[in-house]
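Chain and residue survey
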Amino acid sequence: MKRIPEPELMDEAEQAYAYAHADFEEPHNHFIDLLKSACGHDLPATGRALDLGCGAADISIRFARSFPGYIVDAVDGAEAMLNEAEKILLGMDDLFQERIHLVQGHLQDFSITDYYEIIFSNSLLHHLHDPMVLWNVLQKASPDTQIFIMDLMRPDSETAVDELVQLYAAGEPEILQRDFRNSLFAAFTPGEVELQLQEAGLKQLVVEVVSDRHLVVLNK
């Protein structure tokens, strides 16, 4: 099935609000559990983390809870998403506000200038019209940095897309069902991601399929 790109930024206020208030308990906890299993034993007790494409910062918050010794730089290009993230953080205790730094910036203009123990991302890759933008950023990361990139993977057919939307988003607001469907069409296959890593020279990274709709890119 041919890839159909979608808009790179979620910058509509209605869209950002819907995502900030959606129930992502199961998939986002699954992300953290997979990250812990893959990287947790290699991470020191304290350090810095970088969340690329943080959206409303739900993953950043969950990471900060699971790794209390870490400061998180949470980067997103959509002002509307970061506005929702800021509202959520303002409702939390001061410690979370101090440990999670919201940064607005487009990935095309972003450069890693500091050392991070871990760089992670959830559902960013499929938004990029040019996926090499992400891999070019990661080329600047330290060889010691743990990488954990999770994203959707494109199904084989439109029928398979419809089945996944029905299975995982039937009870969600229409805007989330629409976006999930569009995201599945915009996602890459594991084989395509492997070719992207080869092109970027990121030989230390591998692709693993972790669910019926998700793949992960991580250190060997």
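Residues numbered from 1 in each chain as written. Predicted model: local features only at pLDDT ≥ 70, side-chain atom pairs only at ≥ 80, totals over all residues. Heavy atoms only, no water.

Moving on, we come to the environment of Glu199. With respect to the secondary-structure elements, Glu199 resides in helix H9 (residues 190–200). For the pair Glu199 and Gly91, spaced 108 residues apart in sequence, the C-alpha to C-alpha distance is 43 Å. (Helix = DSSP H or I, 4+ residues; strand = E, 2+ residues; numbered from the N terminus.)

So, on to the sheet that holds strand S4 (residues 118–122). Pairing in this open sheet of 7 strands is mixed, and the strands run S3-S2-S1-S4-S5-S7-S6 from one edge to the other. Across the chains shown, the open sheet's two edge strands, defined by having one partner strand only, are strand S3 (100–104) and strand S6 (205–209). Averaged over all neighbouring strand pairs, the angle between strand axes comes to 20°, with direction disregarded. Where strand S1 (residues 47–52) meets strand S2 (residues 70–76), 6 bridges bridge the pair, whose relative direction is parallel. Across the sheet, the residue bridging to Leu50 is Asp73, located in S2. (Pairing = 2+ DSSP bridges. Axes fitted to C-alpha atoms, helices over the stretch in contact; angles between N-to-C directions.)

Attention shifts here to unusual backbone geometry. Positive phi values are uncommon outside glycine, yet Ala57 reaches one of about 70°. Within the secondary structure, Ala57 is located in the loop between S1 and helix H3 (58–66). With a phi close to 60°, Ser123 is a non-glycine residue in the positive phi region. Along the chain, the position of Ser123 falls in the loop between S4 and helix H6 (132–138).

What follows covers the packing of helix H7 (residues 158–169) against helix H8 (residues 174–186). Put simply, H7 and H8 touch, their axes get as near as 10 Å, and they point 140° apart. Classified by the angle between their axes, H7 and H8 sit oblique to one another. Crossing hand, H7 versus H8: right-handed. Seen from H7, the contacting residues are Glu158, Val161, Asp162, Leu164, Val165, Tyr168 and Ala169; seen from H8, they are Gln177, Phe180, Arg181, Leu184 and Phe185. Of the residues belonging to the contact of H7 with H8, the class tally is 8 nonpolar, 1 polar and 3 charged. (Parallel < 35°, antiparallel > 145°, perpendicular 65-115°, else oblique. Left-handed = near helix turned anticlockwise from the far one by under 90°. Contact = heavy atoms within 4.5 Å. Nonpolar A, V, L, I, M, F, W, Y, C, P; charged D, E, K, R; others polar.)

All right, on to helix H4 (residues 79–90) then. For H4, built from 12 residues, the straight-helix expectation of 16 Å at 1.5 Å per residue is met to within 8% by its first-to-last C-alpha distance of 16 Å. Restricting attention to buried positions, one finds in H4 the residues Ala80, Met81, Leu82, Glu84, Ala85 and Leu89. (Expected span 1.5 Å × (residues − 1). Buried < 20%, exposed > 50% of the residue type's maximum accessible area, 1.4 Å probe, protein only.)

Our focus in this paragraph is the pattern of salt bridges. Taken as a whole and judged by the stated rule, the model has 10 salt bridges. Residue Arg213 pairs with Glu26 through a salt bridge whose shortest N-O separation is 3.8 Å. Of this pair, Arg213 sits in the loop between S6 and strand S7 (214–219) while Glu26 sits in helix H2 (residues 25–39); the two residues are 187 residues apart in sequence, bridging distant segments of the chain. Since its relative accessible area comes to 9%, Arg213 is described here as buried. In this structure, Arg48 and Asp73 form a salt bridge, with 2.6 Å as the shortest nitrogen-oxygen distance. Here Arg48, found in strand S1, pairs with Asp73, found in strand S2; they are 25 residues apart in sequence, far enough to count as distant. A relative accessible area of 8% places Asp73 in the buried class. Residues joined in a network through salt bridges with shared partners are Glu26, Asp212 and Arg213. (Salt bridge = Lys/Arg side-chain N within 4 Å of Asp/Glu carboxyl O.)

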